[in-house]
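Coordinates in review
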Amino acid sequence: MVSNFIHLLPKNTWILMLTNALSGIAHFIVLPYLSIYLHEYANLTTIQTGIIIGISPILSTILSPFAGIIAKKIGYKSAIIIGSIGWVIASIIYANTYHFSLFCLAAIITGVSGSIQNIAFITTLSLSVSTKGSQSVLFNMNYWILNICAGLGSLIGIFFNSGKNPNLFYFIAVTELVFTLIILFIIKDSSRYHSQKNQEGKVDIFNSFLLFKQPGFALFVIGSFFCLLGYSQIESNFSLYLADYFEDGAFFYGKLISLNGFLAIILQPLSFYFSQKVGMKRALFLGPLFYSLSFLLFSSKTPIILYLSMIIFTFGETVYSPNSSAVVADLSDEASRSTYFGAFNLHGFGSFLGPPLGAFFLSQRHPYYLYIISFIFLISTLLLFFSLKLLSVKREGNQ
């Protein structure tokens, strides 16, 4: 499989992914421990810490439809550079302040600039390949690399005591500057990475919302939203469920999450092979089906079954996550790609609504919590299945 990646992906693509990987390692060194840093090193309250942690992802999701349009209007390279500069400024603030208001300012900067940068980067990445089937190859490889970065970054963060070391924020600043220089001086040979406003005329800031007039695309985003509603349980309420049913549930949860991180790296080649065999779009709606099965098996009290459940869950994750981006890229033409990515990112609201919704189910109907989440994944599967059917019919009608 690796030889196929090397053969199919052009040089620019590798430069983009590996540069982003360097930046990713820096982020994973610091950001997983940000709440510890804010609470223990900066002496903020738990509520203040929660507010700061929540600002960036909420802003990023809310602004994503507009960010896609803005990135297209100013040019994808310019948008990536603006996002990197935002991270440089925010990292310097994080490293040099103890004030709640300044931490909020840094979070706002990363939320706004990060939203623009992320959509611009993923669009630039998808535009770097054009051959049939290359989008699936591209996003599977990028997801694999990012999982490796997450593992390395988290381990390095533990070694350098990231939760109490403000100097590590400068590592993010330096890698973002390197990212900027590479984008500015090396990735410069394709007009597709520059502003397309002259090709399209006036750019409407609300174009992303017009995509929801397409029933197939609207169902696709809603199905992805339901998928995130369920997926968010792993990082929130699932640990509480295990703590209630096992004597040392918190420790067992840690082992399951560690297994998930390790398997995400190991299973990615197999997941890519699976996606190539069944097809990218079919693999997409089968991902939540694996999620659903895993949550049914999580109801077992036998440790070996729980480990098996996590294997199934991780396989579903490595199938669904990269293919969702690949399908969005496949649905759009080059001129509208960032608009589609911006609109699709609204499904991220599932990450915010999932934890409180799961907590409600866990408290009100505790014995059925896992079955309810499994059913949510089934809803996601059905919505994605019908959305892709509608989108396929529309595409055939336009040909």
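Residues numbered from 1 in each chain as written. Predicted model: local features only at pLDDT ≥ 70, side-chain atom pairs only at ≥ 80, totals over all residues. Heavy atoms only, no water.

On to the environment of Thr45. With respect to the helices, strands and loops of the structure, Thr45 is situated in the loop between helix H3 (34–41) and helix H4 (46–74). Residues Thr45 and Phe100, spaced 55 residues apart in sequence, show a C-alpha to C-alpha distance of 9.5 Å. (Helix = DSSP H or I, 4+ residues; strand = E, 2+ residues; numbered from the N terminus.)

With 97 residues, the main nonpolar core has Phe217, Phe220 and Phe238 as its most contacted residues. Beyond its immediate chain neighbours, meaning those up to four positions away, Phe217 contacts Leu211, Phe212, Leu331, Tyr340, Ala343, Phe344 and Leu391. (Core = buried A, V, L, I, M, F, W, Y, C linked by side-chain atoms within 4.5 Å. Buried < 20%, exposed > 50% of the residue type's maximum accessible area, 1.4 Å probe, protein only. Contact = heavy atoms within 4.5 Å.)

A few words now on the packing of aromatic side chains. All told, the structure shown has 35 aromatic pairs when counted by the stated rule. An angle of 80° between the planes, with centres 5.7 Å apart, marks the rings of Phe225 and Phe226 as edge-to-face. By relative accessible area, Phe226 is classed as partly exposed at 22%. The interplanar angle of 75° and the centroid separation of 5.3 Å between the aromatic rings of Phe385 and Phe386 together place this pair among those described as edge-to-face. With a relative accessible area of 30%, Phe385 lands in the partly exposed category. Aromatic ring contacts, followed pair by pair, group Tyr231, Phe238, Tyr241, Tyr253, Tyr291, Phe295, Phe298, Phe313, Tyr320, Tyr369 and Phe377 into a single cluster. (Phe/Tyr/Trp six-rings, centres within 6.5 Å; stacked < 30°, edge-to-face > 60°.)

A separate point is the packing of H3 against H4. Closest axis-to-axis distance for the H3/H4 pair is 9 Å, and the angle between their directions is 145°. You can see that H3 and H4 cross each other, and the crossing is right-handed. The residues of H4 that touch H3, namely those facing Leu34, Ser35, Leu38 and His39, are Thr46, Thr49, Ile52 and Ile53. When its residues are assigned to classes, the contact of H3 with H4 shows four nonpolar, four polar and no charged. (Axes fitted to C-alpha atoms, helices over the stretch in contact; angles between N-to-C directions. Left-handed = near helix turned anticlockwise from the far one by under 90°. Nonpolar A, V, L, I, M, F, W, Y, C, P; charged D, E, K, R; others polar.)

Residue position: Phe226 is located in helix H11 (residues 215–231). With 151 residues separating them in the primary sequence, Phe226 and Phe377 have C-alpha atoms 6.7 Å apart. Among all residues touching Phe226, those that are not within four sequence positions of it are Ile376, Ile379, Ser380 and Leu383.

Judged by side-chain polarity, Leu181, Leu184, Phe185 and Ile186 come together as a nonpolar surface patch covering roughly 380 Å² of accessible area. Relative to the elements of secondary structure, Phe185 occurs in helix H8 (residues 169–185). (Patch = residues over 30% accessible without salt bridge, like charges linked within 9 Å, V, L, I, M, F, W, Y side chains within 5 Å. Areas by Shrake-Rupley, 256 points an atom, 1.4 Å probe, with all protein chains shown as cover. Salt bridge = Lys/Arg side-chain N within 4 Å of Asp/Glu carboxyl O.)

Moving on: the confidence of the model for the protein. Note: predicted coordinates in regions of low pLDDT should not be interpreted at a detailed level. In this model, the protein carries a mean pLDDT of 85, and residues with pLDDT of at least 70 account for 90%. Here residues 195–202 scores under 50 on pLDDT; set against residues more than four positions off or in separate chains, the count is twelve contacts. (pLDDT = per-residue confidence, 0-100.)

On to the pattern of salt bridges, then. For the structure on display, the rule yields one salt bridge. A salt bridge links Asp330 to Lys281, with the shortest nitrogen-to-oxygen separation between them at 3.7 Å. Note that Asp330 is positioned in helix H16 (residues 303–331) and Lys281 in helix H15 (residues 280–297), a separation of 49 residues in sequence. You can call Asp330 partly exposed: its relative accessible area is 28%.

Despite not being glycine, Asn43 has its phi angle at roughly 60°, a positive value. With respect to the helices and strands, Asn43 occurs in the loop between H3 and H4. Looking at Asn43, the relative accessible area reads 62%, which means it is exposed. Even without being glycine, Asn161 reaches a positive phi, approximately 55°.

Let us now look at the packing of helix H6 (residues 100–127) against helix H7 (residues 134–159). One way to put it is that H6 packs onto H7 with a least axis distance of 10 Å and a crossing angle of 135°. The orientation of H6 relative to H7 falls into the category oblique. The two elements H6 and H7 meet at a crossing, and its hand is right-handed. In this structure, H6 uses Ile122, Leu125 and Ser126 to contact H7, whose residues at the interface are Gln135, Leu138, Phe139 and Asn142. Each residue belonging to the contact of H6 with H7 can be placed in one class, and the counts come to four nonpolar, three polar and no charged. (Parallel < 35°, antiparallel > 145°, perpendicular 65-115°, else oblique.)

Positionally, Asn20 belongs in helix H2 (residues 11–30). Here Asn20 is in contact with Phe121, Asn142, Leu146 and Phe179, once residues within four sequence places are set aside.

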